[in-house]
Amino acid sequence: MSPASLSLPESSLVSPLANSPEDYDRIRKAIAYISKKWQTQPSLEDIAGHVGLSVSHFHHLFRRWAGITPKDFLAAVTLDRARDLLRDSASILDATYELGLSGPGRLHDLFVTHDAMTPGSFKTGGAGLTISYGFHPSPFGTSLVMVAPLGLAGVAFADPGEEPAALADMRARWPNAEFREDSMVTAPYAGRIFDPSKWQADRPLNVVMIGTDFEVRVWRTLLRIPMGKMSTYSDIASHIGNPNASRAVGAAVGKNPLSFVVPCHRVIGRSGALTGYHWGLTRKQAMLGWEGGRVRSGTA
């Protein structure tokens, strides 16, 4: 079995891992405010005041975190924009299936050519595997990164104090594997995933997944949604040949073991509503805005 390969394009953006651990907590509060008030298009002064920072400090912090201005981010997370993106979601999936690509615009996207774990490994719950794990900073709060001998095996997120729950959640995906904390092993993977300056197509990152045949088919379809675009549960169901399985698709999306890498955050409701996200709706909005801003500004 060959491991999966994740290729990451280069970028000149400042590394998001250079931000302080408190940055995302401040940004999270700002995003929650923006998401609540987006219809009134709150001013920079309003948003900065909500998080208790001066306008200049907030503007600098937000640009360092997102690589874009708060105004551009606000445009990226509005539901009107989400609905616009939905209009061509089905055609995007059609095109990428025909071309055999993970998504058009590969210079600005995370993309994966991959294999899943064998059915035997799935049935045994990872028995005999040793998985290293570590917690690392990311643009979206603390990330839990898990690495198996064949490559990246899990990515999750946690707000302060939620790290044990995130670890328990991810360990349940590999119930019979042996786990050991080893950030020396996982840190290089975290850097490759979250630092755009290390997204290099000629240095593939190995990825392994474990799930049912149906779940893996759904995750493979998620990989075809390019950065800056969105799709719906029903479109994904149609593309895996089961158009009446939208609810089952939603369940599989929620079980995605490689958050952000396999972009389940790019799936929204047919109406344009962002719906839920296993690691929190605000974090989903942060990811969509972070990606959408880069596409809009041409830095992705």
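Cut-offs used in this document
- The numbering scheme is per chain: residues are counted from 1 as the chain's sequence reads.
- Local features in a predicted model are, by the rule used here, given only for residues with pLDDT of at least 70; side-chain atom pairs are given and counted only at 80 or more, and totals for whole chains, interfaces and linings are based on all residues.
- Neither water nor hydrogens contribute to the side-chain values; these are computed over all heavy atoms in the structure.
- Strands here mean DSSP runs of E at least two residues long; helices mean DSSP runs of H or I at least four residues long; both are numbered from the N terminus.
- Burial status follows relative accessibility: with a 1.4 Å probe on protein chains alone, a residue under 20% of its type maximum counts as buried, one over 50% as exposed, and anything between as partly exposed.
- Note on contacts: a residue pair qualifies if any of its non-hydrogen atoms lie within 4.5 Å across the two residues.
- Accessibility throughout is a Shrake-Rupley quantity obtained with a 1.4 Å probe, and a residue counts as covered only by protein chains that appear here.
- Two rings from Phe, Tyr or Trp (for Trp, the six-membered ring) form a pair when their centres are within 6.5 Å of each other. A pair whose planes differ by under 30 degrees is stacked, one over 60 is edge-to-face, and the rest are tilted.
- By arc we mean the arc of the directions from the helix axis to the C-beta atoms, nothing more.
- Confidence of the predictor in every single residue is expressed as pLDDT, which spans 0 to 100.
- Between N-to-C directions, angles cover 0 to 180 degrees, with each direction set by a line fitted to C-alpha atoms, over the stretch in contact for helices.
- Should an angle fall under 35 degrees it is called roughly parallel, over 145 degrees roughly antiparallel, and 65 to 115 degrees roughly perpendicular, with every other angle called oblique.
- Classification convention: Asp, Glu, Lys, Arg as charged; Ala, Val, Leu, Ile, Met, Phe, Trp, Tyr, Cys, Pro as nonpolar; all other residues, Gly among them, as polar.

So, about the overall build of the protein chain. In terms of helices and strands, the protein chain carries 13 helices and nine strands. A burial count over the protein chain gives 54% of its 300 residues as buried. Of all intrachain contacts in the protein chain linking residues separated by at least 6 positions in sequence, the fraction that spans at least 24 positions is 72%. For the protein chain, the exposed surface amounts to about 12600 Å²; the carbon and sulfur share of it is 52%.

Each aromatic ring pair is described using two quantities: the centre-to-centre distance and the angle formed by the ring planes. A full pass over the atoms with the stated rule returns eight aromatic pairs. Here Phe-140 and Trp-290 contribute two aromatic rings whose centre-to-centre distance is 5.3 Å and whose plane-to-plane angle is 80 degrees, an arrangement assigned as edge-to-face. With Phe-140 in the loop between strand S3 (130-136) and strand S4 (142-148) and Trp-290 in helix H13 (residues 281-297), this pair connects stretches of sequence that are 150 residues apart. Note on Trp-290: relative accessible area 0%, which makes it buried. A centroid spacing of 6.0 Å and a plane angle of 65 degrees characterise the contact between Phe-157 and Phe-194, whose relative ring orientation is edge-to-face. Placement of Phe-157 in strand S5 (residues 151-158) and of Phe-194 in helix H9 (residues 183-194) is noted, with a sequence separation of 37 residues between them. You can call Phe-194 buried: its relative accessible area is 0%.

So, about helix H12 (residues 246-254). Regarding H12, the residues found buried are Val-249, Ala-252 and Val-253. Down the axis of H12, the buried set is contained in an arc of 100 degrees. They therefore lie on one face. If you follow the buried residues of H12, they end up packed against helix H10 (213-222) and helix H11 (233-239).

The next point concerns helix H8 (residues 163-171). By the burial criterion, the buried members of H8 are Ala-166, Leu-167 and Met-170. Axial view of H8: buried residues confined to an arc of 100 degrees, hence all on one face. The exposed set on the far side of H8, more than 90 degrees from its buried face, consists of Pro-164 and Ala-165. In this structure, the buried residues of H8 make contact with S3, S4 and S5.

Okay, the confidence of the model for the protein chain next. Low pLDDT means the predicted coordinates in that region are not meant to be read closely. Taken over all residues, the pLDDT of the protein chain has a mean of 77, while the share at 70 or more is 73%. Low pLDDT, under 50, characterises residues 1-14; the predicted model gives this stretch 63 contacts beyond four residues in sequence or across chains. Here residues 97-115 scores under 50 on pLDDT; set against residues more than four positions off or in separate chains, the count is 61 contacts.

Let us now look at the packing of H10 against H12. Look at H10 against H12: their axes get within 9 Å of each other, and the N-to-C directions meet at 80 degrees. Of the possible angle classes, the one that applies to H10 and H12 is roughly perpendicular. Judged by residue contacts, Phe-214, Glu-215, Val-218, Trp-219 and Leu-222 of H10 engage Ala-248, Val-249, Ala-252 and Val-253 from H12.

Along the chain, the position of Gln-41 falls in the loop between helix H1 (23-37) and helix H2 (44-50). Since its relative accessible area comes to 44%, Gln-41 is described here as partly exposed. A sequence separation of 33 residues divides Gln-41 from Leu-74, and the C-alpha atoms of the two residues are 7.6 Å apart.

Okay, the packing of H1 against helix H3 (residues 55-66) next. Remark: H1 packs on H3, axes separated minimally by 11 Å, with the N-to-C direction vectors making an angle of 105 degrees. Considering the angle they form, H1 stands roughly perpendicular to H3. Along its contact with H1, which presents Asp-23, Tyr-24, Arg-26, Ile-27, Ala-30 and Ile-31, the element H3 presents Phe-58, Leu-61, Phe-62, Arg-64 and Trp-65. Among the residues making up the contact of H1 with H3, the classes are represented as eight nonpolar, no polar and three charged.

Attention shifts here to unusual backbone geometry. Not every positive phi belongs to a glycine, and Phe-260 is a case in point at roughly 75 degrees. Along the chain, Phe-260 falls in the loop between H12 and strand S9 (267-268).

Take the environment of Gly-141 next. Relative to the elements of secondary structure, Gly-141 occurs in the loop between S3 and S4. Given the relative accessible area of 11%, Gly-141 is considered buried. In sequence terms Gly-141 and Asp-23 are 118 residues apart; their C-alpha atoms lie 8.2 Å from each other. Those residues in contact with Gly-141 that sit more than four places away from it in its chain are Tyr-24, His-136, Ala-158 and Arg-283.

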